[in-house]
Amino acid sequence: MSVMVARKKVVRKWEKLPGRNTFCCDGRIMMARQKGIFYLTLFLILGTCALFFAFECRYLAVQLSPAIPVFAAVLFLFAMATLLRTSFSDPGVIPRALPDEAAFIEMEIEATNGTVPQGQRPPPRIKNFQINNQIVKLKYCYTCKIFRPPRASHCSICDNCVERFDHHCPWVGNCVGKRNYRYFYLFILSLSLLTIYIFTFNIVYVALKSLKIGFLNTLKETPGTVLEVLICFFTLWSVVGLTGFHTFLVALNQTTNEDIKGSWTGKNRVQNPYSHGNIVKNCCEVLCGPLPPSVLDRRGILQQEESTAQEGSCLRGPGTQEPPATQGPGQAQEGGMKQQDGSIPLPSAVPAPSVADTEKPEEKQRTPGELPVPPPDAGRAEH
Amino acid sequence: LCPQVHSLQELRRSASLATKVFVQRDYSDGTTCQFQTKFPPELESRIERQLFEETVKTLNGFYAEAEKIGGSSYLEGCLACATAYFIFLCMETHYEKVLKKISKYIQDQNEKIYAPRGLLLTDPLERGMRVIEISIYEDRCSSGSSSSGSSSSSSGGGGGAGGR
């Protein structure tokens, strides 16, 4: 064995991943770059629940039943758990193609389309596939240099292709895709229930107490109640509506992205080939189906080419780690084919307050991801 | 003298990478992970069509098993939901278990079938489940073979004569 030279600090793959994500806890947590609204969500949930537990619960537990705060706590913990799981996990990012693979695909494309003279805009790169008797087109992503799988989409906020892309949710601070859609759905569902719950029991509390000391006095004693009711009221309209919308999507096995673009409705009358035709089956598949692990090996160790004596420390086969191929800004505009399609990320879950800090360590990661450095690209969710 | 049969380590050390072939995904059955069984022309002279197809078909079978929607996957999903997904801290998902099996299978195939022919399969998991990357190696000591990829010289194709 060769001699181990003192190395610099270990570099993990997440540090070199392209895309506009933030990583925390040494790669265990993965979020979008803008987290402000996510903190607002947390604040509202934690704040409202804190008020609820501190004031109303004490009275109601004594007057009505101790089960009331217990059930609220369960709902709250579940909502927080699913929120953190949605926010911190990999939504299903497809790693970018390594240079070899990208070149291979380019060759294939050129073979089919023929070379385009300099300066001319190349035709859109689309492959046609037939799925369950429907023709589905695969689009080529210029940023990631891959043909996107069906239902995948490139999120311009995070600058990643995401499988089964639903939308980018600023409230959750992450994309919602194949791997975290069920957590997202359970989050808005439990949040709806929590909001309704708190709202109802606030009304009950005010009613009960007003009988004893009068309405105005009640409000004076616990001014937080007013705040809670207001927050819950506005949250109700948005979150419950959103839950209803997503229940509809789940029942039909559609994504928000597809719904907005009208992929399966409208004049073409092309039917959704992914739906099983049965609501129960669709729900089961979307919410309880097998969960693929992340293919971004965030915590894998990046092989340092410079450090000598790396005998046998190859993680896997050849060509695993390559120095990032620097792409200039506007790479995505190559050939003028920006994948912007005007699809608007649907702002989702409005926060309802909750308390607690459940840390959500990510599930075990494995396998290398890609390393090219991407150009930042502001914009909206693309397709 | 050039060794005719390559072990996996020998391959990496003594052979130089000629080219890579990428087997793409097959989306005809939806978004499930399946790979095309179409035989790449670059491998024409390197490996029998049947062996290659069998490898890909077995891999496809593994992936289908991992993504199978049925009683056990629902049970796993519901149990996980009931524990607010904390159970994944101590339990491996069915999918992960199958991926481990796949990894072993690929290593096994490499050692037994592909390395002796100067080829190397890369686990699709390392390529984001997009492609099966097959690296084609040329012997450094084989005479005059350029890295044109497809047609390797007869002397260079390790283990050609005997294996077939």
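Worth saying up front: this structure is predicted, and the values here are computed from it rather than measured.

**Here's the deal with the overall build of chain A**
Check the secondary structure of chain A and you find eight helices and ten strands. When each of the 383 residues of chain A is scored for burial, the buried share is 54%. A total accessible area of about 16900 Å² is found for chain A, and carbon and sulfur atoms account for 64% of it.

**Regarding the confidence of the model for chain A**
In this model, chain A carries an average pLDDT of 76, and 69% of its residues clear a pLDDT of 70 or more. Per-residue pLDDT stays below 50 along residues 306-383 of chain A; that stretch engages in 267 contacts with residues further than four places along the chain or on separate chains.

**Things to note about the environment of E56(A)**
Residues and elements named next belong to chain A. By secondary structure assignment, the location of E56 is in helix α1 (residues 36-63). The class of E56 is buried, set by a relative accessible area of 0%. Sequence separation between E56 and I260 is 204 residues; the distance between their C-alpha atoms is 41 Å. What E56 contacts, discounting residues up to four positions off in sequence, is L51, N202, Y205, T225 and E228.

**Quick word on unusual backbone geometry**
Residue and element names in this part refer to chain A. Positioned with a positive phi, R151 is a non-glycine residue whose angle comes to about 75°. Examined against the element boundaries, R151 turns out to sit in the loop between β6 (146-147) and β7 (153-155). In this model, N253 sits at a positive phi of 50°, which is unusual for a non-glycine residue. Mapped onto the elements of the fold, N253 is located in the loop between α6 (224-252) and α7 (256-261).

**What about the confidence of the model for chain B?**
Residues and elements named next belong to chain B. The predicted model of chain B averages 79 in pLDDT, with 75% of residues at 70 or higher. Segment residues 142-164 is flagged for pLDDT under 50; beyond a separation of four residues in sequence, or across chains, it makes 32 contacts in the model. Interface confidence in the predicted complex, given as ipTM, is 0.77; pTM for the same model is 0.76.

**Digging into the side chain of S192(A)**
For S192(A), the position within the fold is in helix α4 (residues 181-213). Contact partners of S192(A), with chain neighbours within four places excluded, come to V239(A), V240(A) and T243(A).

**Here's the deal with a nonpolar patch on the surface**
Residues and elements named next belong to chain A. A contiguous nonpolar surface patch, about 560 Å² in accessible area, is contributed by V226, L230, F233, F234 and W237. Position of F233 among the secondary structure elements: in helix α6. Look at F233 and you get partly exposed, because its relative accessible area is 36%.

**Here we look at the interface of chain B and chain A**
The partner chain A presents 49 residues to the 46 residues of chain B that form the contact. Looking only at chain B, the three residues that lose the most surface to chain A are Y27(B), Y85(B) and R130(B), adding up to 18% of its buried area. Our count for the contact surface shared by chain B and chain A stands at two salt bridges. R130(B) is the salt-bridge partner of E101(A), the closest N and O atoms lying 2.7 Å from each other. Taken together, the links from chain B to chain A amount to four residue pairs in polar contact (both at pLDDT 80 or more). At the level of elements, β1 (15-24), α3 (71-82), α4 (94-114) and β3 (131-139) of chain B are the ones that each hand at least two residues to the side of chain B that touches chain A. When the residues that make up the side of chain B that touches chain A are grouped by side-chain class, the tally is 21 nonpolar, eleven polar and 14 charged.

**Notes on the state of the cysteines**
All names here are of chain A. Within this structure, the stated rule accounts for zero disulfides over all chains. Sulfur of C169: no disulfide; nearest cysteine sulfur belongs to C175 and is 9.7 Å away. Between C232, a free cysteine, and C49, which holds the nearest cysteine sulfur, the sulfur-to-sulfur gap is 8.2 Å.

**Digging into the nonpolar core**
Membership of the largest hydrophobic core comes to 42 residues, with the highest contact counts inside it found for F38(A), I45(A), L83(A), Y181(A), F184(A) and F187(A). V21(B), F22(B), V56(B) and I113(B) belong to the second largest nonpolar core, which has 32 residues in total.

**Overview of the UniProt feature "domain: Golgin subfamily A member 7/ERF4" (unreviewed entry) in chain B**
Per the UniProt record, "domain: Golgin subfamily A member 7/ERF4" (unreviewed entry) is found at residues 21-133 of chain B. The span residues 21-133 of chain B carries 45% helix and 10% strand; its end-to-end C-alpha distance comes to 6 Å.

**Here we look at the pairing of strand β1 (residues 21-24) of chain A**
Residues and elements named next belong to chain A. Only one face of β1 is buried: it carries N21 and F23, and the other face, with T22 and C24, is open. Here β1 pairs with strand β2 (residues 29-32) via four bridges, running antiparallel. In the sheet register, F23 faces β2, and the bridge partner there is M30.

**So, the side chain of T218(A)**
Relative to the helices and strands, T218(A) resides in helix α5 (residues 215-221). In contact with T218(A), other than residues within four places in its own chain, are Y205(A), V206(A), K209(A), S210(A) and I213(A).

**A word on the sheet that holds strand β8 (residues 160-162) of chain A**
All names here are of chain A. Ordered by their spatial adjacency, three strands build an open sheet running β3-β8-β7, and the pairing between neighbours is antiparallel. Each end of this open sheet is capped by a strand with a single partner; those strands are β3 (93-94) and β7. Note: β3 against β8, two bridges, orientation antiparallel. Following the sheet pairing, I94 is matched in β8 by C161.

**A word on the pattern of salt bridges**
All names here are of chain A. Enumeration according to the criterion identifies 15 salt bridges over all chains in this entry. With a shortest N-O distance of 3.0 Å, D26 and R12 are connected by a salt bridge. Of the two residues, D26 sits in the loop between β1 and β2 while R12 sits in the segment before β1, which places them 14 residues apart along the sequence.

**Observations regarding the packing of α1(A) against helix α2 (residues 67-88) of chain A**
All names here are of chain A. One way to put it is that α1 packs onto α2 with a least axis distance of 10 Å and a crossing angle of 170°. Between α1 and α2, the interaxial angle falls into the category roughly antiparallel. Along the contact surface, α1 presents F38, T41, L42, I45, L46, C49, F52, F53, C57, L60 and A61, while α2 presents I68, P69, A72, A73, F76, M80, L83, L84, S87 and F88. Per-class residue counts for the contact of α1 with α2 are 19 nonpolar, two polar and no charged.

**A few points about the UniProt feature "domain: Palmitoyltransferase DHHC" (unreviewed entry) in chain A**
The residues that UniProt annotates with the feature "domain: Palmitoyltransferase DHHC" (unreviewed entry) are residues 137-261 of chain A. Here residues 137-261 of chain A is 60% helix and 15% strand, with 14 Å between the C-alpha atoms at its ends.

Reading the values: rules and limits
- Residues numbered from 1 in each chain as written.
- Chains lettered and ligands numbered in written order.
- Predicted model: local features only at pLDDT ≥ 70, side-chain atom pairs only at ≥ 80, totals over all residues.
- Heavy atoms only, no water.
- Helix = DSSP H or I, 4+ residues; strand = E, 2+ residues; numbered from the N terminus.
- Buried < 20%, exposed > 50% of the residue type's maximum accessible area, 1.4 Å probe, protein only.
- Areas by Shrake-Rupley, 256 points an atom, 1.4 Å probe, with all protein chains shown as cover.
- pLDDT = per-residue confidence, 0-100.
- Contact = heavy atoms within 4.5 Å.
- Patch = residues over 30% accessible without salt bridge, like charges linked within 9 Å, V, L, I, M, F, W, Y side chains within 5 Å.
- Salt bridge = Lys/Arg side-chain N within 4 Å of Asp/Glu carboxyl O.
- Buried area = accessible area lost by both parts, 1.4 Å probe.
- Polar contact = N/O pair within 3.5 Å; in protein donor to acceptor, adjacent residues only side chain to side chain.
- Nonpolar A, V, L, I, M, F, W, Y, C, P; charged D, E, K, R; others polar.
- Disulfide = S-S within 2.5 Å.
- Core = buried A, V, L, I, M, F, W, Y, C linked by side-chain atoms within 4.5 Å.
- UniProt positions renumbered as here; feature names shortened; annotations may be inferred.
- Pairing = 2+ DSSP bridges.
- Axes fitted to C-alpha atoms, helices over the stretch in contact; angles between N-to-C directions.
- Parallel < 35°, antiparallel > 145°, perpendicular 65-115°, else oblique.

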